[in-house]
Amino acid sequence: MIAKLLGDRYLLGQMIGTGGMADVYTAQDQRLSREVAVKILRSDLAQDPSFVARFRKEAKAAAGLNHPGIVAVYDSGEDPAPYIVMELVTGHTLRELIHNGERVACDRALEIVIGVLEALDYSHMRGIVHRDIKPANIMITGNGDVKVMDFGIARAIDDLGATLTSTWNIVGTAQYLSPEQAQGSVADARSDLYSTGCLLYELLTGRPPFTGETPVSIALQHVSGQFPPVRSIQPDLPADVETVLAVALSKSPDARYQDALSMLADLKRLRDGVQVTTKIARAYPFKRRSFIIAGVSVLIASLLAIVGLSVNGASEPSVGFELPNVIGLTEDQAREALNEYVVTVTRAHDPRIPAGRIASQIPLASSDIRPGSGVVLTISDGPGNAIVPDGLIGLDLTDARAALAAVGLVVSQTIATSSKEAQGTVLEVTPLAGSTITAGSGVILTIANGEVEVPNLVGIEAIQAKTLLFNSDFLFKEFYDYDPTQPIDVVIRQAPEAGTTQTIGNSVTITINRAPSP
């Protein structure tokens, strides 16, 4: 229950918005007698002390931004829950406008994006990168003015490590994610310009440049996909729009506009009917296998968390024979990465992964598998139907997950119940075997309960920790923090502690070491 008076100062009124991160209320500032908006963070974010500390710091930085195109931040606090106090803007978000199906005329779309870029130019000059430019964070006032909001929250969440595995509203964010953010690299001002290019594309065409059923499938397209030319969707647009978008949406940050002023200048030329002279840089070289594999490594780990694809019964991690990650790669790329293994390929429908990409692998990445061993890869045939397979009852949870993954289905929930069967044995399947359901859908498994010992994860690499958890029939949640005394990408904390016992199918939280952004 949220208190009516925050910080002994802000008297809450009605809720005016809600989202994956926070709820927004009108409020009366009792000290200054003015109406404000108060954004109260979601409880799970508020429980992480490292996030609260970063949030406090970034909220103060955002409060220093004073620009007519930026929603002003007045104050922040944590009593009784973390909150920020903002300028109350009457109007609607760009997301509401787009979702209402309104066609935005080219001139108006350019004016809106020009307003966004003017705000970004101001913030970038002061060293603040937004990192989450999307329609939900753009306000259009009753007078038609453009205001960008949520600078502080975006930076704090980014530092916390909100990647594709996070629990906040990443689905909408993924449609505007820069390739470097999708790969887990540091976001800079050029990342904001990529997201702004996505925003312009959607305003002009009514759809984002990349779409998909899940964040992973969308992010993969940002990394290596090609968006449809805008004039193939809206032929009446000026030809120079293609040039602006090709530069703004370049895969490589070095090939994009290098600052907001450069993109702003081209949009004003477009608006004024003057030819755009910016040249499109040479295509980004994605043929190098090592770069591709590194580029999708974050997506692979994220896919395991979001989709819960197949796992195998490997035990402890060891040095020397760790199976590479290939989920999300093409078959040729995967075979090259697995050239020391005997690869068997199957196919299944899966709306979460683009057709032709690896949707699952058995055994799981980083498992201890000697060269020459067999690896089964499932290639996505794209969306379609799947049939719940026979023979799941009596399998253990690990084998049931693998059998479902092979036909393009996932385990959405496990229900533990008392039974004489061995713990983890599948007792019941919903929907029933033989049922036809959408590929990628979740299947509920009732399993024999039992307590499982939580493995020791501290000090080992994150992907190995995730493998151990899956192989122990746990799910996981991940957060990021920084400990300069520990190697990057190793687990520095876990909850519950190693050696404790938990009901099979429960989640274990791991904190992964990540260096802070410069």
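Please read all numbers here as calculations on a predicted model, not as lab measurements.

(A) How the structure looks around helix α17 (residues 462-471). The buried fraction of α17 is high, at 10 of 10 residues. For α17, every residue scored as buried is listed here: Ala462, Ile463, Gln464, Ala465, Lys466, Thr467, Leu468, Leu469, Phe470 and Asn471. Just downstream of α17 lies aspartate 473, where phi reads positive at about 65°.

(B) Broad picture of the pattern of salt bridges. Scanning the entire structure with this criterion turns up 15 salt bridges. Linking aspartate 272 and arginine 271 is a salt bridge whose minimum nitrogen-to-oxygen distance equals 3.1 Å. Through salt bridges with shared partners, a single network forms among Arg9, Asp29, Arg34 and Asp75.

(C) View of the sheet that holds strand β9 (residues 146-148). Across the sheet, 3 strands lie side by side as β7-β8-β9; this open sheet has antiparallel pairing. The strands lining the two open edges of the sheet, one partner per strand, are β7 (91-93) and β9. The average angle at which neighbouring strand axes cross in this sheet is 25°, direction not considered. Across 3 bridges, the pairing between β7 and strand β8 (residues 138-141) is antiparallel. Note on β8: the bridge partner recorded for glycine 91 is threonine 141. Contacts between helix α4 (residues 106-125) and the sheet are confined to β8 and β9, with β9 contributing the most and set at about 40° to the helix.

(D) Quick peek at the packing of α4 against helix α12 (residues 260-272). Contact geometry of α4 with α12 gives a least axis separation of 9 Å together with a crossing angle of 160°. Classified by the angle their axes make, α4 and α12 are roughly antiparallel. Handedness of the crossing formed by α4 with α12: left-handed. Note on element contacts: α12 touches α4 through Ala260, Leu261, Met263, Leu264, Leu267, Lys268, Leu270 and Arg271, opposite Leu110, Glu111, Val113, Ile114, Leu117, Glu118, Leu120, Asp121 and His124. In the contact of α4 with α12, the residues fall into 11 nonpolar, 1 polar and 5 charged.

(E) Up close: a negative patch on the surface. A cluster of acidic residues, Glu322, Asp368, Glu461 and Asp489, forms a negative patch at the surface. As for its placement among the helices and strands, glutamate 322 is situated in the loop between α14 (297-307) and α15 (331-337).

(F) Quick peek at unusual backbone geometry. The linkage connecting threonine 430 with the following residue, proline 431, adopts the cis geometry, with an omega of 0°. Within the fold, proline 431 resides in the loop between β15 (426-430) and β16 (436-438). Put simply, alanine 495 and proline 496 share a cis peptide bond, and its omega is 0°. Among the secondary structure elements, proline 496 is positioned in the loop between β20 (491-495) and β21 (501-503). In this structure, serine 33 is a non-glycine residue whose phi angle is positive, near 50°. With respect to the secondary-structure elements, serine 33 resides in the loop between β3 (22-29) and β4 (34-41). Taking relative accessible area as the criterion, serine 33 reaches 59% and is therefore assigned exposed. Located in the positive-phi region is aspartate 489, a residue other than glycine, with phi close to 70°. With respect to the helices and strands, aspartate 489 occurs in the loop between β19 (475-481) and β20. Assessed through its relative accessible area of 44%, aspartate 489 is described here as partly exposed.

What counts as what
Within each chain, residue numbers correspond to sequence positions counted from 1 in written order. In keeping with the predicted nature of the model, local features appear solely for residues at pLDDT of at least 70, side-chain atom pairs appear and are counted solely at 80 or more, and the whole-chain, interface and lining totals rest on all residues. With hydrogens and water excluded, all non-hydrogen atoms of the structure serve as input to the side-chain values. Only protein chains enter the accessibility calculation, which uses a 1.4 Å probe; a residue whose area is less than 20% of its type maximum is buried, one above 50% is exposed, and one in between is partly exposed. By definition, any uninterrupted DSSP run of H or I lasting at least four residues is a helix, any uninterrupted run of E lasting at least two residues is a strand, and each is numbered from the N terminus. Whenever Lys or Arg places a side-chain nitrogen within 4 Å of a carboxyl oxygen from Asp or Glu, that contact is recorded as a salt bridge. Here, strands pair whenever DSSP counts at least two bridges between them. A fitted line through C-alpha atoms serves as each axis, taken over the contacting stretch for helices, and the angle formed by two N-to-C directions is quoted from 0 to 180°. By the convention used here, residues are in contact when the closest approach between their heavy atoms is within 4.5 Å. Each angle gets one of four labels, with under 35 degrees taken as roughly parallel, over 145 as roughly antiparallel, 65 to 115 as roughly perpendicular, and the rest as oblique. Handedness of a crossing is defined here by the sense of rotation of the near helix relative to the far one, left-handed for an anticlockwise turn of less than a right angle and right-handed for a clockwise turn. The classification used treats Ala, Val, Leu, Ile, Met, Phe, Trp, Tyr, Cys and Pro as nonpolar, Asp, Glu, Lys and Arg as charged, and all other residues, Gly among them, as polar. For patch building, the residue pool is restricted to those with more than 30% relative accessible area and no salt bridge; the joining distance is 9 Å between like charges and 5 Å between nonpolar side chains (Val, Leu, Ile, Met, Phe, Trp, Tyr). The method behind every accessible area is Shrake-Rupley, applied with a 1.4 Å probe, and residues are considered shielded solely by the protein chains displayed. None of His or the chain ends enter the tally, which takes Lys and Arg as positive and Asp and Glu as negative. In this description, the location of a charge corresponds to atom NZ of lysine, CZ of arginine, CG of aspartate or CD of glutamate.

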